[in-house]
Amino acid sequence: MNFQQQKIQNKYRKMIKENKQKRSRILEIILLLLLILLSFRFLFPNALNHNYIESYNEGARWLVVTSKIENKLKISSIHYENVSLDEDSQLITYYIKTSLSANNREKSTKLINQTNKIIVSNKLPSLLKEDQRYEIIVLGKENEILKSKAF
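Procedures and definitions
Residues numbered from 1 in each chain as written. Predicted model: local features only at pLDDT ≥ 70, side-chain atom pairs only at ≥ 80, totals over all residues. Heavy atoms only, no water. Helix = DSSP H or I, 4+ residues; strand = E, 2+ residues; numbered from the N terminus. Buried < 20%, exposed > 50% of the residue type's maximum accessible area, 1.4 Å probe, protein only. Areas by Shrake-Rupley, 256 points an atom, 1.4 Å probe, with all protein chains shown as cover. Salt bridge = Lys/Arg side-chain N within 4 Å of Asp/Glu carboxyl O. Expected span 1.5 Å × (residues − 1). Patch = residues over 30% accessible without salt bridge, like charges linked within 9 Å, V, L, I, M, F, W, Y side chains within 5 Å. Lys, Arg positive; Asp, Glu negative; His and termini not counted. Charge placed at Lys NZ, Arg CZ, Asp CG, Glu CD. Phe/Tyr/Trp six-rings, centres within 6.5 Å; stacked < 30°, edge-to-face > 60°.

Novice: Before we go on, may I ask you to explain the overall build of the protein chain in this structure?
Specialist: Helix and strand content of the protein chain: 3 helices and 4 strands. Its helices and strands in sequence order give the protein chain the pattern α-α-β-β-α-β-β, from N to C terminus. Classification of the 151 residues of the protein chain by burial places 27% in the buried group. Accessible surface, the protein chain as shown: approximately 11100 Å² in total, 57% of it carbon and sulfur.

In structure tokens:
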């Protein structure tokens, strides 16, 4: 071989070697990023699972849950109309307004249980002070109390 061909071959070999090194560096960077992400996930497991309700102060959390209650009861009951919240120093009351008549009291028990399940799942009872409690009242068509339960 002549000198010119040898020079071209050496240049080509060098270029192939540099490309391999670039690919291996890119692969190293990708693996390093994956390792960082995985270690972050194991070191801080709850960082990505933040419950937005817990970010509110204690008083506002009772109010924020009303939208969850409303969404659940709209789906589960055709008699549901709205939910409201009343707070004082001793008692927190959820009023569930329905189109039920006075003789449909058994359906109101189901609404109370569903509402309480949402309240408990959002850890609201843990916010109550010693002398405090909460109550769920189901109101009928004429705003009469169909059923109430204190917790």
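Novice: Before we go on, may I ask you to explain the pattern of salt bridges in this structure?
Specialist: This model, assessed by the stated rule, comprises 1 salt bridge. With a closest N to O distance of 3.4 Å, Glu70 and Lys74 form a salt bridge. Taken together, the residues Glu70 and Lys74, both in helix α2 (residues 58-76) and 4 residues apart, mark about one turn of the helix. With relative accessibility at 24%, the residue Glu70 sits in the partly exposed group.

Novice: I tried to follow helix α3 (residues 105-121) on my own but got confused; where do I start?
Specialist: If you check α3, its first and last C-alpha atoms are 25 Å apart, about what 17 residues at 1.5 Å a residue would give, namely 24 Å. Buried within α3 are the following residues: Ser108, Leu111, Ile112, Gln114, Thr115, Asn116, Ile118 and Ile119. Lys123, located one to two residues past α3, shows a positive phi value of around 60°.

Novice: What is the right way to read a positive patch on the surface from this model?
Specialist: Side chains of Lys72, Lys107, Lys110 and Lys117 sit close together on the surface and give a patch of like positive charge. Take Lys117: it is sitting in helix α3.

Novice: Sorry if this is basic, but what is going on with a nonpolar patch on the surface here?
Specialist: A surface patch of nonpolar side chains, amounting to about 590 Å² of accessible area, comprises Ile26, Leu27, Ile30, Leu31, Leu34 and Leu37. Position of Ile26 among the secondary structure elements: in helix α1 (residues 3-43).

Novice: So what exactly am I meant to see when it comes to the packing of aromatic side chains here?
Specialist: To describe a pair of aromatic rings, you give the distance between the ring centres and the angle between the ring planes. Taken as a whole, this structure holds 3 aromatic pairs when the rule is applied. Ring centres 5.6 Å apart and planes at 50° place the aromatic pair Trp62 and Tyr134 in the tilted group. Of this pair, Trp62 sits in helix α2 while Tyr134 sits in strand β3 (residues 133-139), placing them 72 residues apart in sequence. For the pair formed by Trp62 and Tyr134, the shared burial category is buried. Consider the rings of Tyr134 and Phe151, whose centres lie 5.0 Å apart with planes at 20°: the pair is stacked. With Tyr134 in strand β3 and Phe151 in the segment after β4 (145-150), this pair connects stretches of sequence that are 17 residues apart. A relative accessible area of 29% places Phe151 in the partly exposed class.

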